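Notes for the structure review
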Amino acid sequence: MYQLCPSILSADFNRLGEQIKTLEKEGVEWLHIDVMDGDFVPSISFGMPVIKSIRKESKLFFDVHLMVTEPERYIRDFVACGADSITVHAEACEDIERTIEQIREAGVKVGISIKPATPVNDISHMLEDVDMVLIMTVQPGFGGQKYMDECTEKIREVRELIEAENLNVDVQVDGGINDETMETVMTAGANLLVAGSYVFNGDLEANVRHARAKMDEIIQKID
Ligand code: DX5
Ligand code: ZN
């Protein structure tokens, strides 16, 4: 299953509800929601109140990416405000295995993420415990950065491990996804593509249409 996962970090927050409606109308199923605490990453984005209010109006799958130190403190809160999956950073948790368990117990899908400098090896023993691995392809913290080519090999590596173990785990990529990088990440094994500035800068409707058509083209090629 391939999905384009628009990241609302690049949305126009003055028109957030309307933009989410546009995504739904265009057939998008996943919404990527970046929560930043100003500690794990330098910037601060938004948190529970925003998620809670968009949840009232949207049936999209809420893919919550926590760029937060010790995210185990907030799992319940994010589930209560409407997360369908919670992704935590291996680098941010006191006890990553326990955090994964807590997310599972809270009844939502589990994602684990690593920053560009963190090797796949650090999380390879946990693949069977998660639903998704998020390979960051930029330094987490800001939208609009350039894709880091050195991350392509990590996408390939994690996809190979998942296949070798015959697991049903999604590989998500986040950062710098656009016309130039989409084929690279999909060929390497990513099936969930986060896109912030690529879809939200300019005409959202046209951009989403273009991005999804391009993904379909690549799927034809690689399947
Ligand atoms: C960055 C966030 C991303 C961000 C991606 O730390 O995790 O989800 O929105 O933005 P683009 O697609 O513009 O690189
Ligand atoms: Zn993200």
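Definitions and cut-offs
- Residues numbered from 1 in each chain as written.
- Chains lettered and ligands numbered in written order.
- Predicted model: local features only at pLDDT ≥ 70, side-chain atom pairs only at ≥ 80, totals over all residues.
- Heavy atoms only, no water.
- Pairing = 2+ DSSP bridges.
- Helix = DSSP H or I, 4+ residues; strand = E, 2+ residues; numbered from the N terminus.
- Axes fitted to C-alpha atoms, helices over the stretch in contact; angles between N-to-C directions.
- Donors = N, O, S within 2.8 Å, 3.2 Å for Na, K, Ca; no water.
- Tetrahedral: all angles 85-135°; square planar, octahedral: opposite > 155°, others 65-115°.
- Buried < 20%, exposed > 50% of the residue type's maximum accessible area, 1.4 Å probe, protein only.
- Near = heavy atom within 4 Å.
- Polar contact = N/O pair within 3.5 Å; in protein donor to acceptor, adjacent residues only side chain to side chain.
- Areas by Shrake-Rupley, 256 points an atom, 1.4 Å probe, with all protein chains shown as cover.
- Contact = heavy atoms within 4.5 Å.
- Patch = residues over 30% accessible without salt bridge, like charges linked within 9 Å, V, L, I, M, F, W, Y side chains within 5 Å.
- Salt bridge = Lys/Arg side-chain N within 4 Å of Asp/Glu carboxyl O.
- Lys, Arg positive; Asp, Glu negative; His and termini not counted.
- Charge placed at Lys NZ, Arg CZ, Asp CG, Glu CD.

1. Comments concerning the sheet that holds strand 4 (residues 85-89)
Read from one edge to the other, the open sheet built from 8 strands follows the order 1-8-7-6-5-4-3-2, with strand pairing classed as parallel. Two strands bound the open sheet, and with one partner strand each, they are strand 1 (3-6) and strand 2 (30-36). Here the average twist between neighbouring strands, direction ignored, is 25°. When strand 6 (residues 132-136) meets strand 7 (residues 170-174), the two strands line up parallel, connected through 5 bridges.

2. Description of the coordination of the zinc ion (ligand 2)
Protein coordination of the zinc ion (ligand 2) is provided by H32 (NE2), D34 (OD), H65 (ND1) and D174 (OD), with donor distances spanning 2.0 to 2.3 Å. For the zinc ion (ligand 2), the 6 donor atoms are set out with angles of 69 to 168° between them, so the coordination reads as octahedral. Counting along the primary sequence, the residues that act as donors to the zinc ion (ligand 2) give the motif H-x1-D-x30-H-x108-D. Residue D34 is found in strand 2, and its partner D174 is found in strand 7; the two are separated by 140 residues along the sequence. D174 carries the same exposure label as D34, and that label is buried.

3. Brief notes about the site of ligand 1
Close to ligand 1 lie 20 residues, the nearest being S7, D34, G141, D174 and S197. One of the side-chain nitrogen or oxygen atoms of H65 is found 3.3 Å away from an oxygen atom of ligand 1. Between G141 and ligand 1, the recorded distance is 2.7 Å, taken from a backbone N or O atom to an oxygen atom. Isolated, ligand 1 exposes 380 Å² of accessible area, and the fraction of that covered by the protein chains is 100%. Residue assignment for the shell around ligand 1 shows that the elements contributing at least two residues are strand 2, strand 3 (61-67) and strand 8 (192-195).

4. Topic: the side chain of E26
Along the chain, E26 falls in the loop between helix 1 (16-25) and strand 2. Judged by its relative accessible area of 11%, E26 is buried. Only 2.8 Å separates the side chain of E26 from the side chain of R209, close enough to count as a polar contact. Here E26 is in contact with E205, V208, R209 and R212, once residues within four sequence places are set aside.

5. Some remarks on a negative patch on the surface
A surface patch of like charges, here negative, comprises E94, D95, E97, E128, D129 and E165. Structurally, E128 is set in the loop between strand 5 (109-114) and strand 6.

6. Here's the deal with the pattern of salt bridges
Applying the stated criterion across every chain, the model contains 13 salt bridges. Across the pair E26 and R209 runs a salt bridge whose closest N-O atoms are separated by 2.8 Å. Here the residue E26 occupies a position in the loop between helix 1 and strand 2, and R209 occupies one in helix 8 (residues 204-222), the gap between them amounting to 183 residues. Here R98 and E101 are joined by a salt bridge, their closest N and O atoms 2.9 Å apart. Of this pair, R98 and E101 both sit in helix 4 (residues 96-105), 3 residues apart, roughly one helical turn.

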